[in-house]
Amino acid sequence: MAYSEKVLEHYNNPKNVGSLDKNSKAVGTALVGSPEHGHSDIMRLQIEVNPVTQVITDARFKTFGCGSAIAASSLVTEWLKGKTIHEALRIDNMDIVEELNLPPVKLHCSVLAEEAIKAAVNNYRYKNGLEALVLEEEEEEYEEEEEESESAFH
Amino acid sequence: MLKLPIYLDNNATTPCDPRVVEAMLPYFTETFGNAASRNHPFGWAAEEAVDFAREQVARLIGADPKEIIFTSGATESDNLALKGVFEMYAAKGNHIITTATEHKAVLDTCRHLEKQGARVTYLGVNSEGLIDLKELEAAITPATIMVAVIYANNEIGVINPMRDISAITRRHGVLLMTDATQAVGKIPVDVNKDGIDLMAFSAHKMYGPKGVGALYVRRKSPRVKVTAQLDGGGHERGMRSGTLNVPGIVGFGKACEICQQEMEEDGKHLQILRDKLEKALLQLEESYLNGAPNQRLPHVSNISFKYVEGEGLLMGFNKSIAISSGSACTSASLEPSYVLKALGLGDDLAHSSLRFGLGRFTTEEQIDYTIQAVTDAVNRLRAISPLWEMFKDGIDLDTIQWAH
Ligand SMILES: Cc1ncc(COP(=O)(O)O)c(C=O)c1O
């Protein structure tokens, strides 16, 4: 299977690799793709949020996974910077699929990146005493996806 | 000058040796007859060529030419052996014993036979990929008709002790079938010394053409019979109908002859290169060799580079080096190699494995390039791996609370 140009570009020059201070109140951290749930990829995504404007000022990742998973992580860090956390939650895995030209067998990489965004935002909110945020129209879809990725393993 | 890409996937297939191609060529255009045409010189010449190749093939494995059935490859040979014996020996029993690390051509055929009423025992392997011979012996029952054990494994190169295994099958009067696709032509295989009753192998793994292989079927002590799985003109003594692939068979014969002459040289040369590669890569922190170190094919190395994912790793150099990974990031199930899992590797190590398969045409220059390229890619990917960072920070990955 050949990789798309965009996947190759992110793989060869990943953007925003690294870490932010996970103890800072302004930083939301996500670690998704637990091996026990059958994921072959593991992503750590961190966002730094301006508490007044709710704008994401920095994003960093580290990913264990195939080229597509690395590319998806790199891509979302670029997309996240400058967005508010509400806008961030609207990033859909299919946006990632489209941008990177991911083939169907790599859909799971985009799903994981979307999960990472949601988990990072909610980790930030949790740290700041806010309840978890789930966009209503997306709630159902999100849960379905979770189930799928589990049943794929068993 | 080093020519790229470098081919290190010789367990998947090998290039045809130019001497093989040369031997085959006349059989496409000049000597193109049907080996079953008994009434004219075209048929006679083709038959003669097939007979000659049958001798070359038989000689390599210490068999009688009459014991060689030509097929389309090891997959067909595995199917014919397992299904053919299951049908032929139905009156004796329905139990087959095999192992968890067989090739899919054996495993899936066994699954098929289970639906037809077979009872199949799948023996597990230890962390080095070897079965327990006591467990094998204990699994034999009066209903057991056949034991099927892979000669040398295609992913990790581990060689099973066929002589010890056949001592057991002989003692209990059950047939021993082996898939020797990765072993024949690479290491000495002798059906009599090894006590093998049926053996599948394939030309394209030993510098011959694709689409041709053989099943060895013992004719004396015991005389083994298989029920044909392809009905038709009754070729190959009724066991495999279909016009013979004369050019392919000629090439297969030539490939066997070359292997017989050069196996020892090739083996030594390849082991030196393999050991060089392996030694260098195992110097990387947290890299692990898979499979029994001293009971392996000389040209195969399977290594896990912990904390990096195999497919991601391959992407770092797959334009310049062709190898394969035990990762299954692309498969629908996301399940990594079942062979490595059978050795007890966790998902993390199974996903992190690469298989290096050297071959007759591998050079030291290629190995040096590979060492460098793989080392660079491992280091680069570890620098962006969260698992590597946690490992370096002394965090036990098993205690992580995963968000999901
Ligand atoms: C151990 C083993 N058995 C069977 C096969 C299938 O061989 P063929 O491609 O000739 O059908 C292979 C090759 O992939 C193999 O490695």
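Under the annotation held in an unreviewed UniProt entry, chain B carries the name Cysteine desulfurase IscS and is attributed to Chitinophaga rupis. Recorded in UniProt for chain B, the comment headed Pathway (unreviewed entry) runs: "Cofactor biosynthesis; iron-sulfur cluster biosynthesis." What UniProt records for chain B under Subunit (unreviewed entry) is the sentence "Homodimer. Forms a heterotetramer with IscU, interacts with other sulfur acceptors."

Where an unreviewed UniProt entry is consulted, chain A appears under the name Nitrogen fixation protein NifU, with the organism given as Chitinophaga rupis.

1. Points about the pattern of salt bridges
It is possible for side chains bearing opposite charge to pair when their charged atoms get close. Under the definition given, this model contains 32 salt bridges over all chains. Ionic pairing is found between Glu-114 of chain A and Lys-118 of chain A, a salt bridge with its closest N-O pair at 2.6 Å. Note that Glu-114 of chain A and Lys-118 of chain A are positioned in helix H5 (residues 107-127) at a spacing of 4 residues, about one turn of the helix. In this pair, the class of Glu-114 of chain A matches that of Lys-118 of chain A, namely buried. Shared partners join several salt bridges into a network, and the residues in it are Asp-17, Arg-19, Glu-262, Asp-266 and Arg-360 of chain B.

2. Focus on the sheet that holds strand S5 (residues 144-148) of chain B
All names here are of chain B. Taking strand neighbours across the sheet as the criterion, the 7 strands line up as S2-S8-S7-S6-S5-S3-S4 in an open arrangement whose pairing is mixed. Strands with a single pairing partner mark the edges of an open sheet, and in this sheet they are strand S2 (68-71) and strand S4 (119-123). Shown here is a sheet whose adjacent strand axes are inclined to one another by a mean of 20 degrees, direction ignored. Strand direction decides the pairing type here: S2 and strand S8 (residues 213-217), joined by 4 bridges, are antiparallel. By the bridge assignment for S8, Ile-69 is matched with Leu-215.

3. Focus on helix H4 (residues 74-88) of chain B
Owing to its 3.6 residues per turn, the α-helix brings residues three or four apart onto one side. Residue and element names in this part refer to chain B. If you check H4, its first and last C-alpha atoms are 20 Å apart, about what 15 residues at 1.5 Å a residue would give, namely 21 Å. Burial analysis of H4 places 12 of its 15 residues in the buried class, which makes it a mostly covered element. Taken together, the buried positions of H4 are occupied by Ala-74, Glu-76, Ser-77, Asp-78, Asn-79, Leu-80, Ala-81, Leu-82, Lys-83, Gly-84, Val-85 and Phe-86.

4. Overview of the site of the ligand
Residue and element names in this part refer to chain B. Near the ligand there are 13 residues, and of these Thr-75, Asp-179, Gln-182, Ser-202 and Lys-205 occur at the shortest range. In this structure, Gln-182 approaches the ligand through a side-chain N or O atom, which is 2.7 Å from an oxygen atom. Contact distances for the ligand include 2.9 Å between an oxygen atom and a side-chain N or O atom of His-204. Alone, the ligand offers 390 Å² of accessible surface; in the complex the protein occludes 84% of this.

Rules used in this analysis
Residues numbered from 1 in each chain as written. Chains lettered and ligands numbered in written order. Predicted model: local features only at pLDDT ≥ 70, side-chain atom pairs only at ≥ 80, totals over all residues. Heavy atoms only, no water. UniProt positions renumbered as here; feature names shortened; annotations may be inferred. Salt bridge = Lys/Arg side-chain N within 4 Å of Asp/Glu carboxyl O. Helix = DSSP H or I, 4+ residues; strand = E, 2+ residues; numbered from the N terminus. Buried < 20%, exposed > 50% of the residue type's maximum accessible area, 1.4 Å probe, protein only. Pairing = 2+ DSSP bridges. Axes fitted to C-alpha atoms, helices over the stretch in contact; angles between N-to-C directions. Expected span 1.5 Å × (residues − 1). Near = heavy atom within 4 Å. Polar contact = N/O pair within 3.5 Å; in protein donor to acceptor, adjacent residues only side chain to side chain. Areas by Shrake-Rupley, 256 points an atom, 1.4 Å probe, with all protein chains shown as cover.

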